[in-house]
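Residues per chain, in single letters:
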2 protein chains.
Amino acid sequence: MRYKKAMETKKINVMQKLLKANDTIAEGIRKDLRKKNIFFVNLMSSPGSGKTTLIEETVKKLGKKIKIIEGDIQTTLDAERLQKLGVQAYQINTGPFGGDCHLEASWIQTAIDELGTDGMELLFVENIGNLVCPAEFDVGAHLNVLLISVTEGEDKPLKYPLAFQVSQLCLVTKTDFLPLKNFSLEKLRENIKKVNPACAVIEVSAQDGKGIDSWIAILKNKPGMK
Amino acid sequence: MRYKKAMETKKINVMQKLLKANDTIAEGIRKDLRKKNIFFVNLMSSPGSGKTTLIEETVKKLGKKIKIIEGDIQTTLDAERLQKLGVQAYQINTGPFGGDCHLEASWIQTAIDELGTDGMELLFVENIGNLVCPAEFDVGAHLNVLLISVTEGEDKPLKYPLAFQVSQLCLVTKTDFLPLKNFSLEKLRENIKKVNPACAVIEVSAQDGKGIDSWIAILKNKPGMK
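Structural notes, computed from the coordinates. In this text, all values refer to a predicted model and were calculated from it rather than measured experimentally.

About the thresholds
- Residues numbered from 1 in each chain as written.
- Chains lettered and ligands numbered in written order.
- Predicted model: local features only at pLDDT ≥ 70, side-chain atom pairs only at ≥ 80, totals over all residues.
- Heavy atoms only, no water.
- Least-squares fit on C-alpha atoms with pLDDT ≥ 70 in both.
- Contact = heavy atoms within 4.5 Å.
- Pairing = 2+ DSSP bridges.
- Helix = DSSP H or I, 4+ residues; strand = E, 2+ residues; numbered from the N terminus.
- Axes fitted to C-alpha atoms, helices over the stretch in contact; angles between N-to-C directions.
- Core = buried A, V, L, I, M, F, W, Y, C linked by side-chain atoms within 4.5 Å.
- Buried < 20%, exposed > 50% of the residue type's maximum accessible area, 1.4 Å probe, protein only.
- Expected span 1.5 Å × (residues − 1).
- Parallel < 35°, antiparallel > 145°, perpendicular 65-115°, else oblique.
- Nonpolar A, V, L, I, M, F, W, Y, C, P; charged D, E, K, R; others polar.
- Disulfide = S-S within 2.5 Å.
- Phe/Tyr/Trp six-rings, centres within 6.5 Å; stacked < 30°, edge-to-face > 60°.
- Salt bridge = Lys/Arg side-chain N within 4 Å of Asp/Glu carboxyl O.
- Polar contact = N/O pair within 3.5 Å; in protein donor to acceptor, adjacent residues only side chain to side chain.

**Details of the relation of the copies chain A and chain B**
Right, so step 1: For the pair chain A and chain B, the superposition axis carries a translation of 0.0 Å, the fit reaches an RMSD of 0.0 Å, and the rotation angle comes to 180°. What the superposition gives is, in effect, a two-fold axis relating one chain to the other.
Right, so step 2: The fraction of interface residues of chain A whose copies in chain B are also interface residues reaches 100%, indicating that both copies meet through the same surface.

Following this line, the structure appears as structure tokens:
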């Protein structure tokens, strides 16, 4: 057990150094894109909360000045979905790197270099579907957005607070499923407020278009970039 | 960048040693519980796929010979839900340990010691809500069960293959939402088969009771224990 404890301490030290290196790269990305007037939005959520669908709807409204970096453990399914709409999408697969549960700033920098910034006005990162790890790694975005679908339950902000705390905007998705037994939208809003009082909340549904106009207005306003 | 690479290598080496230590403890738990005729089931899924609800339904059918170890980053909400049914539930919060996205075998051993094995016939671990990390750490269960709700989309086995590969049983939950636009149960079954042909699949719904009897029958049969 003493061996295990020592290894744990070593793991924490190594992680702290990695996180510090990550933050420096992230800050560089944020500054560089601000200078180029490119708004960078990082989307985080559990698997299947509707990140790709939201990007699809956004591309339909705002067109091809959007580029996307797709994070997945495996497959290029999401990048392919988006490329069908005529936009540039770069896929990062973390599978070959031990199936990492998050994206790091250095990988984002490589992806931006590959995509090129010419003609880009809005950059989305679709992070790995996970409510834990992506919140620990700054990717250099101007706006962190957390998606939570109504089918996931209203207790999630209390159980996964960090993801909500690092986000400036929370999108409650799949509201077309409401009313849902055992789910209270009011309770979810209350729980988000408990862990992050500053987080803005809007309800959206790609099925009936609810809230999409507010979302587009926020993107045009570029909060966190000025 | 060279510094970062070196740190990455160090991280991987440390992780490999931790995983090896974890596997040894997990194997010990598995053997010890087998000897005591206690069936140990590890439940994994995304946040909000219905793990706690499934345990509640199981307790209602099989009674108080069940004990539960609850894994969450924060809060004791799930343990409290289960304690209301008169069963013993031990909560592990990983928040104080850097918000770890998985449970480790040594923590499970501690929890079992605290709960005591007297009168226990079935042990559930409700792992952290996450489709990535819990799959990497053997907790010593006889049966690994992966829950996936129909609202998460049928592409998840392809995008998060490891969680499906380490599981012997897959429960498709929230089937009361079917038929769902953009979701095919057949396609989900096909995708599970692609990544793990040996994984049994059953459809369940706590709302209308569908599949619960099959689930109870499986628990009584104790696969992986003999």
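**Details of the sheet that holds strand β5 (residues 143-149) of chain B**
Residue and element names in this part refer to chain B.
Right, so step 1: Strand order in the open sheet made by the seven strands is β3-β2-β4-β1-β5-β6-β7, with parallel pairing throughout. Each edge of the open sheet carries a strand with a single partner, namely β3 (88-93) and β7 (200-203). Strand-to-strand twist of the sheet, defined as the mean angle between neighbouring strand axes without regard to direction, takes the value 20°.
Right, so step 2: Sheet topology places strand β2 (residues 66-72) next to strand β4 (residues 122-126); five bridges connect them, and they run parallel. The partner of K67 across the bridge, within β4, is L123.
Right, so step 3: Against the sheet, helix α7 (residues 185-195) engages β5, β6 (169-173) and β7, with an angle of about 160° to β7.

**Topic: the nonpolar core**
Right, so step 1: If you look at the biggest cluster of nonpolar residues, it comprises 88 residues, and the most contacted ones within it are A:I108 and B:I108.
Right, so step 2: With residues near it in sequence (within four places) discarded, A:I108 still touches A:I29, A:F40, A:I69, A:I92, A:L103, A:V125 and A:V139.

**A closer look at helix α2 (residues 51-62) of chain B**
Residues and elements named next belong to chain B.
Right, so step 1: Across its 12 residues, α2 extends 16 Å between first and last C-alpha, which sits within 8% of the 16 Å expected from 1.5 Å per residue.
Right, so step 2: Within the sequence span of α2, burial applies to K51, T52, L54, I55, E56, E57, T58 and V59.
Right, so step 3: G63 lies just past α2 and shows a positive phi near 80°.

**What to know about the sheet that holds strand β3 (residues 88-93) of chain A**
All names here are of chain A.
Right, so step 1: The strand order across the open sheet built from seven strands is β3-β2-β4-β1-β5-β6-β7, with neighbouring strands paired in parallel fashion. Edge positions in the sheet fall to β3 and β7 (200-203), since each has one partner strand and no second. On average, adjacent strands in this sheet sit at an angle of 20° to one another, irrespective of strand direction.
Right, so step 2: Pairing geometry for strand β2 (residues 66-72) and β3, over six bridges, is parallel. Each residue of the ladder has a partner; that of I69, found in β3, is Y90.
Right, so step 3: Contacts between helix α7 (residues 185-195) and the sheet are confined to β5 (143-149), β6 (169-173) and β7, with β7 contributing the most and set at about 160° to the helix.
Right, so step 4: Lying over the sheet, helix α8 (residues 212-221) contacts β1 (39-44), β4 (122-126), β5, β6 and β7, oriented at roughly 135° with respect to β1.

**With respect to unusual backbone geometry**
Right, so step 1: Omega for the bond connecting A:L178 with A:P179 falls within 30 degrees of zero, at -5°, which places this linkage in the cis form.
Right, so step 2: Phi at A:K174 is positive, roughly 60°, even though this residue is not glycine.
Right, so step 3: You can see A:K174 is positioned in the loop between β6 and α7.
Right, so step 4: With phi around 50°, B:K222 is a residue other than glycine that occupies positive phi space.
Right, so step 5: Residue placement: B:K222 occurs in the segment after α8 (212-221).

**A few points about the packing of α2(B) against α8(B)**
All names here are of chain B.
Right, so step 1: Direction vectors running N to C along α2 and α8 enclose 70°, while the axes themselves pass 11 Å from each other. Accordingly, the angle class assigned to the pair α2 and α8 is roughly perpendicular. Contact with α2, carried on its side by L54, E57, T58, K61 and L62, involves I212, D213, W215, I216, L219 and K220 of α8 and no other residues of that element.
Right, so step 2: Among the residues making up the contact of α2 with α8, the classes are represented as six nonpolar, one polar and four charged.

**With respect to the state of the cysteines**
All names here are of chain B.
Right, so step 1: Inspection of every chain in the model, using the stated rule, returns two disulfides over all chains.
Right, so step 2: Each sulfur in the disulfide pair C101 and C133 lies 2.3 Å from the other. Across the S-S bond linking C101 and C133, the dihedral sits near -95°, which makes this disulfide left-handed. Here the residue C101 occupies a position in the loop between β3 and α4 (105-115), and C133 occupies one in the loop between β4 and β5, the gap between them amounting to 32 residues.

**Describing the packing of aromatic side chains**
The relation between two aromatic rings is expressed through the spacing of the ring centres and the mutual angle of the planes.
All names here are of chain A.
Right, so step 1: On inspection of all chains with the given rule, the structure shows three aromatic pairs over all chains.
Right, so step 2: With a centroid separation of 6.2 Å and 20° between ring planes, the pair formed by F124 and W215 is classed as stacked. Here F124, found in strand β4, pairs with W215, found in helix α8; they are 91 residues apart in sequence, far enough to count as distant. Exposure class is identical for F124 and W215. Each is buried.

**A look at the pattern of salt bridges**
Right, so step 1: This model, assessed by the stated rule, comprises 28 salt bridges over all chains.
Right, so step 2: Put simply, A:R189 and A:E203 hold a salt bridge, and the shortest N to O gap is 3.1 Å. With A:R189 in helix α7 and A:E203 in strand β7, this pair connects stretches of sequence that are 14 residues apart.
Right, so step 3: The class for A:E203 is buried, based on a relative accessible area of 17%.
Right, so step 4: For B:E121, the salt bridge is made with B:K65, and the minimal N-O distance between the two is 3.6 Å. Of this pair, B:E121 sits in the loop between α4 and β4 while B:K65 sits in the loop between α2 and β2, and the two are 56 residues apart along the sequence.
Right, so step 5: Owing to a relative accessible area of 45%, B:K65 belongs among the partly exposed residues under this scheme.
Right, so step 6: Where salt bridges share partners, they join A:D72, A:D78, B:D155, B:K156 and B:K159 into one cluster.

**Looking at the environment of B:D208**
Residues and elements named next belong to chain B.
Right, so step 1: As for its position among the elements, D208 is in the loop between β7 and α8.
Right, so step 2: A polar contact is formed between the side chain of D208 and the side chain of S205, at a distance of 3.1 Å.
Right, so step 3: In this structure the side chain of D208 is engaged in a polar contact, spanning 3.1 Å, whose partner is the backbone nitrogen of K210.

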